[in-house]
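Residues per chain, in single letters:
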Amino acid sequence: MRMNTFLPPIENPQGLILKLAFYFTRRQFGKVLTPLKVHSARLPAAFGLFYAKIGELDKKLTLPAETVMLIREQVARLNVCLFCMDIGRSFTIKASMNEAKFDALEQYRASPLFSDAERAALDYVTELTKDKRVEPDTFARLSRHYSELEVCEIVWLVASEHLYNITNIGLNIHSDMLCDISRKSIKSSTPA
């Protein structure tokens with residue numbers, strides 16, 4: 001049973017910028033994303049551009065792409081943002097990342113799939129997300145594996161993921177089934 005969003009999706013946007021945003025997300029994801037239809041379509045265009053800017057800023061990070069996705073997925077998982085968990089997994093599928101690692105995320109502390117550096121980052125991210133503070137020992141373990149720049153990037157990822165999560169949770173936006181779309185897209189583009 002699919003739950004309805006608190007505000008009804010806007011299916012036919014007004015204005016050129018929104019029409020273009022709908023077109024390009026439909027082209028990229030195979031559908032118009034629910035957060036765009038429910039949240040961004042109601043706000044001035046600058047808000048949508050801000051969300052797009054987050055994606056652009058992520059491209060400037062020095063952390064490995066898989067680490068970035070593990071951190072975002074962990075924050076979304078802890079916050080129970082179903083949309084963000086889904087779109088994050090969709091990106092990992094498209095990038096051919098190790099899906100087994102993402103499947104084992106809940107057991108990262110014991111799983112042999114994770115390095116000590118990843119465990120330190122995920123401990124830090126988990127503590128920051130759950131408790132809104134970090135113990136000095138947790139930070140010390142993190143800083144043994146990551147540079148000051150990378151630590152700041154990790155903080156950025158947690159903070160910006162919270163923005164996405166709270167937006168979706170606050171409007172009852174759930175999964176768009178993007179993982180299914182990604183898997184179908186990959187299967188159809190793979191030669192038989």
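The shown structure was predicted, so the numbers you read here are calculated from the model rather than taken from an experiment.

The rules behind the values
- Residues numbered from 1 in each chain as written.
- Predicted model: local features only at pLDDT ≥ 70, side-chain atom pairs only at ≥ 80, totals over all residues.
- Heavy atoms only, no water.
- Helix = DSSP H or I, 4+ residues; strand = E, 2+ residues; numbered from the N terminus.
- Rg over C-alpha atoms; globule rule 2.2 N^0.38 Å.
- Buried < 20%, exposed > 50% of the residue type's maximum accessible area, 1.4 Å probe, protein only.
- Areas by Shrake-Rupley, 256 points an atom, 1.4 Å probe, with all protein chains shown as cover.
- Lys, Arg positive; Asp, Glu negative; His and termini not counted.
- Charge placed at Lys NZ, Arg CZ, Asp CG, Glu CD.
- Phe/Tyr/Trp six-rings, centres within 6.5 Å; stacked < 30°, edge-to-face > 60°.
- Expected span 1.5 Å × (residues − 1).
- Arc of directions from axis to C-beta.
- Contact = heavy atoms within 4.5 Å.
- Core = buried A, V, L, I, M, F, W, Y, C linked by side-chain atoms within 4.5 Å.

Side note on the overall build of the protein chain
Here's step 1: Within the protein chain one finds 10 helices and 0 strands.
Here's step 2: Secondary structure elements of the protein chain, listed N to C terminal, follow the sequence α-α-α-α-α-α-α-α-α-α.
Here's step 3: The C-alpha radius of gyration computed for the protein chain amounts to 17 Å, which stays within 12% of the reference 16 Å derived for 192 residues, consistent with globular compactness.
Here's step 4: Dimensions of the protein chain along its principal axes, counting C-alpha atoms only, are 50 × 45 × 35 Å.
Here's step 5: When burial is assessed residue by residue, the protein chain has 45% of its 192 residues classed as buried.
Here's step 6: A total of about 10,900 Å² of accessible surface is found on the protein chain, and carbon and sulfur atoms cover 61% of it.
Here's step 7: Put simply, the protein chain has 25 plus and 22 minus side-chain charges, and the middle of one group is 8 Å from the middle of the other.

Considering the packing of aromatic side chains
Here's step 1: Enumeration according to the criterion identifies 6 aromatic pairs in this entry.
Here's step 2: Seen in terms of ring centroids, Phe50 and Tyr51 are 6.3 Å apart; in terms of plane orientation they differ by 80 degrees. Their pairing is edge-to-face.
Here's step 3: Judged by relative accessible area, Phe50 falls into the partly exposed class, the value being 46%.
Here's step 4: With a relative accessible area of 17%, Tyr51 lands in the buried category.
Here's step 5: Three or more aromatic residues link up through ring pairs in this structure, and these residues are Phe50, Tyr51 and Tyr164.

Let's talk about unusual backbone geometry
Here's step 1: The residue Lys132 is not glycine, and still its phi comes out positive at about 60 degrees.
Here's step 2: Within the secondary structure layout, Lys132 lies in the loop between helix H7 (116-131) and helix H8 (136-145).
Here's step 3: If you check the backbone angles, Met177 has positive phi at about 60 degrees while not being a glycine.
Here's step 4: By the secondary structure assignment, Met177 is in the loop between helix H9 (148-170) and helix H10 (178-189).

What to know about helix H1 (residues 16-29)
Here's step 1: Over its 14 residues, H1 extends 20 Å from the first C-alpha to the last, a length consistent with the 20 Å expected when each residue adds 1.5 Å.
Here's step 2: Looking at the residues trailing H1, positive phi occurs at Gly30, about 85 degrees.

A short note on helix H3 (residues 45-58)
Here's step 1: Taking 1.5 Å of rise per residue, the 14 residues of H3 would be expected to cover 20 Å, and the 20 Å separating its terminal C-alpha atoms lies within 8% of that figure.
Here's step 2: Every buried residue of H3 is listed here: Tyr51, Ile54 and Asp58. The arc enclosing the buried residues of H3, seen along the axis, measures out at 45 degrees, which places them on a common side. Opposite the buried face of H3, by more than 90 degrees, sit the exposed residues Ala46 and Leu49.
Here's step 3: Residues of H3 that are buried make contact with helix H4 (65-79) and H9.

Some words on the nonpolar core
One recurring pattern in soluble globular proteins: nonpolar side chains tend to sit buried together.
Here's step 1: Ranked by size, the top nonpolar core spans 16 residues in total, and within it Val125, Leu142, Tyr146 and Ile154 carry the most contacts.
Here's step 2: If you list the elements that add at least two residues to this core, you get H4, H7 and H9.
Here's step 3: When residues of this core are assigned to their parent elements, the largest contribution, 5 residues, is made by H7.
Here's step 4: Setting aside chain neighbours within four positions, we find Ile154 in contact with Leu63, Ile71, Ala121, Tyr124, Val125, Leu142 and Tyr146.
Here's step 5: Counting 11 residues, the second-largest nonpolar core is a separate cluster that includes Leu33, Ala76, Cys84 and Leu178.

Remember, this is a structural readout, not a statement about activity or role.
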